Number of protein chains: 2
Amino acid sequence: MMTSNKVVDIKALAQDLRAGHRAALARAITLIESRRGDHQAAARDLVQALLPDTGKAVRVGITGSPGVGKSTTIDGLGMFLVERGHKVAVLAVDPSSARTGGSILGDKTRMARLAASERAYIRPSPASGTLGGVAAKTREAMLLCEAAGFDVVLVETVGIGQSETAVCDMTDFFLALMLPGAGDELQGIKKGLVELADMIAVNKADGDNIKRANIAAAEYRGALHILTPRSEHWHPPVVTYSALTGTGIDVLWRKILDHRTAMNASGEFASRRRQQQIKWMWSMLEQRMMARLRADASVRAKVKKIEAEVADGRVTPSLGAEQIAEMLR
Amino acid sequence: MMTSNKVVDIKALAQDLRAGHRAALARAITLIESRRGDHQAAARDLVQALLPDTGKAVRVGITGSPGVGKSTTIDGLGMFLVERGHKVAVLAVDPSSARTGGSILGDKTRMARLAASERAYIRPSPASGTLGGVAAKTREAMLLCEAAGFDVVLVETVGIGQSETAVCDMTDFFLALMLPGAGDELQGIKKGLVELADMIAVNKADGDNIKRANIAAAEYRGALHILTPRSEHWHPPVVTYSALTGTGIDVLWRKILDHRTAMNASGEFASRRRQQQIKWMWSMLEQRMMARLRADASVRAKVKKIEAEVADGRVTPSLGAEQIAEMLR
């Protein structure tokens, strides 16, 4: 009677998930994504129970503009890994996605081979209003995938606004995909990306495009050369590959492992993970506070009014903050 | 009797400050920087009262590594402006400064000419533990300078960690100073800087260094060329100048005005200011929350313990956030 009254049997679910049952993993992620209060409490217990089984995967963030061949690359890289005995989970952070409108990963035909593999698990981006919410759910989904035995997690992002930072903050290696330009029209690197990327990979280095891809790579290399790298132990390389033919996919993976070796040797790997966890906690706290301000319609309206007054220069930011702090009490 | 009991006569202070009395400005900034609760409340009232008189200055952030010639540049640019009828305030954001240890602007001999000018006001960085606190005080000091009639505010930063972002968030134009490299040893641009800079200026383009400065500028230009600019209406220029001889100082100012014209025309000027105000308010709110967590020694210790557990992977960030949220109630 007791257990049937509970929302979820956490212990059983955790056990099934640890055993690698895909259905259990899917159910657990759905629980995490639920907005129901009781589901959220259960999800918190579940993740806490599974925590000792997490953290062992290679976490890779992948970004690139539409048309760069992100899906084909993930499909190719994923299959390369699966064929070498890895278990690969593919997640996504796309705050603009809506479950109904079709998330960036909703259409599994985009990664046809990987979607058919038993050793791979593809999950579309959680649908939610805020980037913070989407990122939080994806981070916890990543932990669940690790507990279910996936040893490589690829997190895709569409690269709109701050979503790249969010994905970089939850992964060990951040890969930026680019296209070879045509003549002068070299594809620009978004400034924020330079800050984040651990590697730039130029796709479509095949057939007539090889020369163009090499030229693009040389230009990007020149640009990166002038920038001080984030770590003195890792200078982000620029490589070319072809998701279509598979040429160079192995290099992508080798560089990811080289980076891991270098970061482990310097101690930066562990410290980056620790920093990420702490940052994650504070951002969860911020979300909680923001959620409180959004929960009530009249509070929401007041916050909107204060924001407008501050933006118009009628109220100082300091006074505006005080007024909102009062509402949080 | 009533007024003598009050900490400060806000109305009189505001009036003196609006009239441009330097002593009133200095007293008002000291009030803002005070940690006493009654002082803080008075400062809030003062800034709110002066708000209609703020916002009219050209706000310029200036960064550069030690040795790049920041003080000489500010001295030269400031004098150039003063001689043309401007009133120039120089502020600083340096979270590492301590009032006693000597702030980066403490020694006014660093800007000897400007310090002697009646049309200039130089104020060292507020001394405080956190970047957020220092930045908040500098932002309010900037408003006071504007109300006192200063129509150009230069905000210097040492460029450590996030202080550059903080200064960029409170200014209209962000200027990065660089040195010409010697041969292959071109000075690297810090990645975060590329994201923020509205202009890169290579100093020490004088005497034997002119050629080297030009080469450095060309290289930086090449690197920036590949990066997508933040605004389609402004491609950050790379210029050379000499703070020593004064050559090119006029170009720095002209570019700042060009940027202002372009941003005004596109409507980005107003929207950037509005966004800055809103962001500022939320960051004040965050600081209030953090201050509450720091105020009590036992709370501080608990937060530290939770952070360590989260970093070690013993507690999920979600649960950690919940525990801290409880303490904030």
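Treat the numbers as computed from the prediction; the structure is a model and nothing was measured.

Draft legend 1. A look at the side chain of Lys-87 of chain B. All names here are of chain B. For Lys-87, the position within the fold is in the loop between α5 (70–83) and β2 (88–93). Buried charge Lys-87 goes without a salt bridge, the closest partner of opposite sign being Asp-151 at 7.9 Å. Reaching out from Lys-87, the side chain makes a polar contact with the backbone oxygen of Ala-148 at a distance of 3.3 Å. Those residues within four positions of Lys-87 in sequence are excluded, and the remaining contacts are Arg-119, Ala-148, Gly-149, Phe-150, Asp-151 and Val-152.

Draft legend 2. Just the interface of chain A and chain B, in detail. Opposite the 58 residues of chain A that make contact, chain B presents 58 residues. Of the roughly 5200 Å² buried at the junction of chain A and chain B (both faces included), carbon and sulfur atoms supply 66%. Along the contact surface separating chain A from chain B lie 4 salt bridges. Two residues, Arg-44 of chain B and Glu-322 of chain A, come together in a salt bridge whose shortest N-O distance is 2.9 Å. Where chain A meets chain B, there are 12 residue pairs in polar contact (both at pLDDT 80 or more). Contributing elements (two or more residues each) for the side of chain A that touches chain B: α4 (37–50), β6 (189–190), α9 (191–196), α10 (210–226), β8 (227–228), α12 (268–295), α13 (297–311) and α14 (317–328) of chain A. With 14 residues, α12 of chain A is the single largest residue contributor to the side of chain A that touches chain B. Where β6 of chain A and strand β8 (residues 227–228) of chain B come together, 2 bridges link them in parallel fashion. Counterpart to Lys-190 of chain A in the pairing with β8 of chain B is Thr-228 of chain B.

Draft legend 3. Representation of the pairing of strand β4 (residues 152–157) of chain B. All names here are of chain B. Of all 6 residues in β4, 6 are buried; the element is thus mostly enclosed. One ladder, built from 6 bridges, connects strand β1 (residues 58–63) with β4; its direction is parallel. By the bridge assignment for β4, Thr-63 is matched with Thr-157. Here 6 bridges tie β2 to β4, and the two strands are oriented parallel to one another. Residue pairing across strands places Leu-91 opposite Val-155, the latter belonging to β4.

Draft legend 4. Region of the structure containing unusual backbone geometry. Despite not being glycine, Lys-204 of chain A has its phi angle at roughly 65°, a positive value. As for its placement among the helices and strands, Lys-204 of chain A is situated in the loop between β7 (199–202) and α10.

Draft legend 5. Examining the relation of the copies chain A and chain B more closely. For the pair chain A and chain B, the best superposition has an RMSD of 0.0 Å and corresponds to a rotation of 180° with a translation of 0.0 Å parallel to the axis. The operation mapping one copy onto its partner corresponds to a two-fold rotation axis. The position closest to the rotation axis in chain A is occupied by the C-alpha of Ala-223 of chain A, lying 2.1 Å away. Most of the interface of chain A is mirrored in chain B, where 100% of its interface residues are also at the interface.

Draft legend 6. Inspection of the sheet that holds strand β5 (residues 173–178) of chain B at higher detail. Residues and elements named next belong to chain B. What the 7 strands build is an open sheet, ordered β3-β2-β4-β1-β5-β7-β9; its pairing is parallel. On the outer flanks of this sheet lie β3 (120–122) and β9 (238–240), each paired with one strand and no other. Across the sheet, the mean angle from the axis of one strand to that of its neighbour is 25°, orientation sign disregarded. Running at roughly 175° to β2, helix α7 (residues 131–147) makes contact with β1, β2, β3 and β4 of the sheet.

Draft legend 7. Geometry of the nonpolar core. Counting 154 residues, the largest nonpolar core has Leu-144 of chain A together with Leu-144 of chain B as the members making the most contacts within it. Those residues in contact with Leu-144 of chain B that lie beyond four places of it in its chain are Leu-17, Leu-25, Ala-28, Ile-29, Ile-32, Leu-46, Val-47 and Leu-50 of chain B. In terms of nonpolar packing, the next biggest core, distinct from the first, is built from 34 residues, Ile-74, Phe-80, Ile-256 and Met-263 of chain B among them.

Draft legend 8. Looking closely at the pairing of β5 of chain B. Residue and element names in this part refer to chain B. Counting buried positions along β5 gives 6 out of 6 residues, so the element sits mostly inside the fold. Of the two faces of β5, the one carrying Phe-173, Leu-175 and Leu-177 and the one carrying Phe-174, Ala-176 and Met-178 are both buried. Relative to β5, β1 is paired through 4 bridges, and the arrangement is parallel. Residue Val-60 lies in a different strand from β5, and its bridge partner there is Phe-173. Bridge analysis of β5 against strand β7 (residues 199–202) gives 4 bridges, and the strand direction is parallel. Across the sheet, the residue bridging to Ala-176 is Ile-200, located in β7.

Draft legend 9. The arrangement of helix α3 (residues 22–33) of chain A in detail. All names here are of chain A. Compared with the 16 Å implied by 1.5 Å per residue over 12 residues, the 17 Å span of α3 between its first and last C-alpha is a close match. Taken together, the buried positions of α3 are Ala-24, Leu-25, Ala-28, Ile-29, Leu-31, Ile-32 and Glu-33. In this fold, the buried residues of α3 make contact with α2 (10–18), α4, β3 (120–122) and α7 (131–147).

Draft legend 10. Representation of the side chain of Gln-277 of chain B within the structure. The topology assignment puts Gln-277 of chain B in helix α12 (residues 268–295). Of note is the side chain of Gln-277 of chain B, whose polar atom sits 3.0 Å from the backbone oxygen of Val-310 of chain A. Contact partners of Gln-277 of chain B, with chain neighbours within four places excluded, come to Val-310, Ala-311, Gly-313 and Pro-317 of chain A.

Draft legend 11. Spatial organisation of the sheet that holds β3 of chain A. All names here are of chain A. What the 7 strands build is an open sheet, ordered β3-β2-β4-β1-β5-β7-β9; its pairing is parallel. Both outer strands of the open sheet, β3 and β9 (238–240), are each paired with one neighbouring strand and no more. The average angle at which neighbouring strand axes cross in this sheet is 25°, direction not considered. Along the sheet, α10 makes contact with β5 (173–178), β7 and β9, crossing β9 at roughly 175°.

How each quantity is defined
- Residues numbered from 1 in each chain as written.
- Chains lettered and ligands numbered in written order.
- Predicted model: local features only at pLDDT ≥ 70, side-chain atom pairs only at ≥ 80, totals over all residues.
- Heavy atoms only, no water.
- Helix = DSSP H or I, 4+ residues; strand = E, 2+ residues; numbered from the N terminus.
- Buried < 20%, exposed > 50% of the residue type's maximum accessible area, 1.4 Å probe, protein only.
- Lys, Arg positive; Asp, Glu negative; His and termini not counted.
- Salt bridge = Lys/Arg side-chain N within 4 Å of Asp/Glu carboxyl O.
- Polar contact = N/O pair within 3.5 Å; in protein donor to acceptor, adjacent residues only side chain to side chain.
- Contact = heavy atoms within 4.5 Å.
- Buried area = accessible area lost by both parts, 1.4 Å probe.
- Pairing = 2+ DSSP bridges.
- Least-squares fit on C-alpha atoms with pLDDT ≥ 70 in both.
- Axes fitted to C-alpha atoms, helices over the stretch in contact; angles between N-to-C directions.
- Core = buried A, V, L, I, M, F, W, Y, C linked by side-chain atoms within 4.5 Å.
- Expected span 1.5 Å × (residues − 1).

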